[in-house]
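Close look at the chain arrangement
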Amino acid sequence: MKMRSQKTNRLITRILIYLVLILALVYTLIPFATILLTSFRTAKDAVRGPFTWPKDWNIVGNYIEAWEMGQFSRYMLNSLYMMVLTVVGTLVVATLAGYSFAKFRYPGKNAIYYILLIGMMIPFQSIMLPLYFTLKSMGLLNSLSGIGLLMIGTGEGFAIMMMRSFFIGIPDSIIESARLDGCSEIQVLVRVVLPNTFPAWTSLVVITAMGSWNNLLAPMMYIFSQDKYPVPYALYAFQSAHTTDYQLLAAGMMISIVPIIIVYVMFQSSFQNGLMAGAVKG
Amino acid sequence: MRKKSLYRNQIIMGYVLLIPAVLFFAVFFGYSLVQAIHYSMLDWDGVTKAAFVGLGNYRELFTDPVFWKAFVNNIFYTIGILAFGVLPGLALAYILSRPYIKGRTLFRSVYFFPRIISAVVYGAVWKWMYDPRNGLLRLIINLFGGDGGGFAITGNVKTAMLGITITGGWTYFGFCMVIFIAAFMGTNMELEEAAKLDGANNWQTFHRVTLPQIRPVINMVLVYTVIDCFKVYDLVLVMTSGGPNDATQIMTYYIYKQAFTFNRFGYGSAAAIVLGIFMVAFTVIYNATLGKEEL
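Procedures and definitions
- Residues numbered from 1 in each chain as written.
- Chains lettered and ligands numbered in written order.
- Predicted model: local features only at pLDDT ≥ 70, side-chain atom pairs only at ≥ 80, totals over all residues.
- Heavy atoms only, no water.
- Helix = DSSP H or I, 4+ residues; strand = E, 2+ residues; numbered from the N terminus.
- Rg over C-alpha atoms; globule rule 2.2 N^0.38 Å.
- Buried < 20%, exposed > 50% of the residue type's maximum accessible area, 1.4 Å probe, protein only.
- Areas by Shrake-Rupley, 256 points an atom, 1.4 Å probe, with all protein chains shown as cover.
- Lys, Arg positive; Asp, Glu negative; His and termini not counted.
- Charge placed at Lys NZ, Arg CZ, Asp CG, Glu CD.
- Domains from an automatic or database assignment.
- Contact = heavy atoms within 4.5 Å.
- Buried area = accessible area lost by both parts, 1.4 Å probe.
- Salt bridge = Lys/Arg side-chain N within 4 Å of Asp/Glu carboxyl O.
- Polar contact = N/O pair within 3.5 Å; in protein donor to acceptor, adjacent residues only side chain to side chain.
- Nonpolar A, V, L, I, M, F, W, Y, C, P; charged D, E, K, R; others polar.
- Core = buried A, V, L, I, M, F, W, Y, C linked by side-chain atoms within 4.5 Å.
- Patch = residues over 30% accessible without salt bridge, like charges linked within 9 Å, V, L, I, M, F, W, Y side chains within 5 Å.
- pLDDT = per-residue confidence, 0-100.

**What to know about the overall build of chain A**
- The secondary structure content of chain A amounts to 14 helices and zero strands.
- Mapped in sequence order, the helices and strands of chain A form the string α-α-α-α-α-α-α-α-α-α-α-α-α-α.
- The C-alpha atoms of chain A give 25 Å as radius of gyration, which overshoots the globular expectation for 282 residues (19 Å, by more than 25%).
- Its C-alpha atoms give chain A principal-axis dimensions of roughly 75 × 75 × 35 Å.
- Within chain A, buried positions represent 54% of all 282 residues.
- Of the accessible surface of chain A, which amounts to about 12700 Å², a share of 67% is contributed by carbon and sulfur atoms.
- Seen as two clouds, the 19 positive and the 11 negative side-chain charges of chain A have centres 15 Å apart.

Pasting the structure below:
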């Protein structure tokens, strides 16, 4: 008898637990479902509001219209360019510096390391005003390259820290034996160290790429020509111009999030690990 | 002889590898930081000649009610994120880390999802949800017999910040869950079993046995959360642009507005420096006191 009631208790607990989990799931997905459904409605149907059930469907029309009206092909290329520049730059800078901090001995090493880490503590918002004039004096204002480069400079602290701790985990003996075999330092780096670095790169690539793809503040501050807008800024401008065209806005939002959804589904553990590392170490 | 030159090579190589990092840091970060401190002591519109005012900007800043409102709003947002983001994240992580849960990966991936989307997207959808004319909140309030059409959560001075915070929490709980679940999976389940055999109930076991084991992770999440909450910008811009009547004014938006709306680069820089000092001070003090055990 007692056995049985214990069993029922456990069953009830489990049902409650799954109920909570499913409720949280619904809570998470409602906004996404709203965007998706709204993007499939006709203009006339969407006027009734995003939280009515669709009656007239227009599966691809809104996407074509939003794509052309919002000029998303151009903005996607802008974002892509900025992202590639930031990601490649950060990888190069952080890999070299992380390797240096982890595997070389020279005077002033710790001091330089801690100075570079200051960039992790002081937020971009604290230096964004002078940065405007720094970019201006270098001719990098209103330039996607300018934003890509500044994001390397402001984001490298974290990346260097991550790469350094990765390289510390690589045994010195591999490097030593390559040196004794007569490899120059450059040969050691290219032939021995870099081929082992790929696993550390995935998380770093994902976190840097996402930061770049979603960046709104820097483009708002330093980009003035509409044809140079990256996707979030373009979407923001599009929203301001079409506040009540729900179906077009929704299609625009879908267009802007589909690339990141695809990448997320492909590399979700890297996403989670990368952002987690950012929190735990930052 | 050979060994000595090897060592010298290493010193040179060590420095050479640092060149790009130091260069990028110096040009885009270090120089700007020094300049920010410099600007914060100027009365300057960004174009005409600047006048040196010493600490005048700081003095004005600390007597500006809007600046304090922004600061208090950031604190409100932080507390709200702890309630709507960190706590639910902790609870869900605990549930999901129980060994008998099926579909753990699915739940985890979906909860995490909002974190990867731009605020321009989720901020806009949440604005729809909050819309008193045809939003979801209206439907829910009406369902319980209230007047949903008369309640604009982000349009009301009293509730606007709450509305933003709920949205912020929605993007944050899954992220916290992913961090906490890794911590819970690393805890010693045998200790829990032992506590239960000794007659501890579920809450006691959780509170006394499981939670202390993930204390360092909780500390790290708290520090990160405070810093993240003081950096918030996109969400406020998209949902309310600081309004109504400065009710959702926050530090970052305040800095932006001073410089680019009112052309007060010196004054805005002073606010930016205060924000930076606050964050560094918070991190250092927290780690030296409450977060000390982890070090």
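Picking up where we left off.
**Considering the domain arrangement of chain B**
All names here are of chain B.
- Domains assigned within chain B are domain 1 (32-63 + 250-290) and domain 2 (70-213 + 234-248).
- The straight-line distance from the C-alpha centre of domain 1 to that of domain 2 is 31 Å.
- Domain 1 puts six residues into the contact, and the matching count from domain 2 is eleven residues.
- Carbon and sulfur atoms supply 75% of the area buried between domain 1 and domain 2, which totals about 670 Å² over both sides.
- Per-residue buried area on domain 1 facing domain 2 is highest for Ile250, Met251 and Tyr253; these three make up 80% of the total on that side.
- Put simply, domain 1 and domain 2 have zero salt bridges between them.
- On the surface where domain 1 and domain 2 come into contact, there are two residue pairs in polar contact (both at pLDDT 80 or more).
- Among the residues making up the side of domain 1 that touches domain 2, the classes are represented as five nonpolar, no polar and one charged.

**A look at the nonpolar core**
- Of all hydrophobic cores here, the largest spans 191 residues; its most connected members are Tyr222 of chain A together with Tyr111 and Phe180 of chain B.
- Here this core gets 15 residues from one element, more than from any other, and that element is helix H7 (residues 160-185) of chain B.
- If near-sequence neighbours (up to four positions away) are discounted, Tyr111 of chain B is found in contact with Leu21, Ala24, Leu25 and Thr28 of chain A together with Leu92, Leu96, Phe173, Gly174 and Met177 of chain B.

**Examining the side chain of Ser203 of chain A**
- Here Ser203 of chain A is to be found in helix H10 (residues 198-213).
- Assessed through its relative accessible area of 11%, Ser203 of chain A is described here as buried.

**Focus on a nonpolar patch on the surface**
- Residues Trp53, Trp57, Ile59, Val60 and Ile64 of chain A make up a contiguous nonpolar surface patch of about 570 Å² in total accessible area.
- With respect to the element layout, Trp57 of chain A can be found in the loop between helix H2 (43-46) and helix H3 (61-69).

**Some words on the confidence of the model for chain A**
- Mean pLDDT over chain A works out to 88, with 96% of the residues at or above the 70 mark.
- Considering each helix and strand of chain A separately, the mean pLDDT is smallest for helix H14 (residues 268-281) of chain A, with a value of 69, and largest for helix H4 (residues 72-103) of chain A, with 94.

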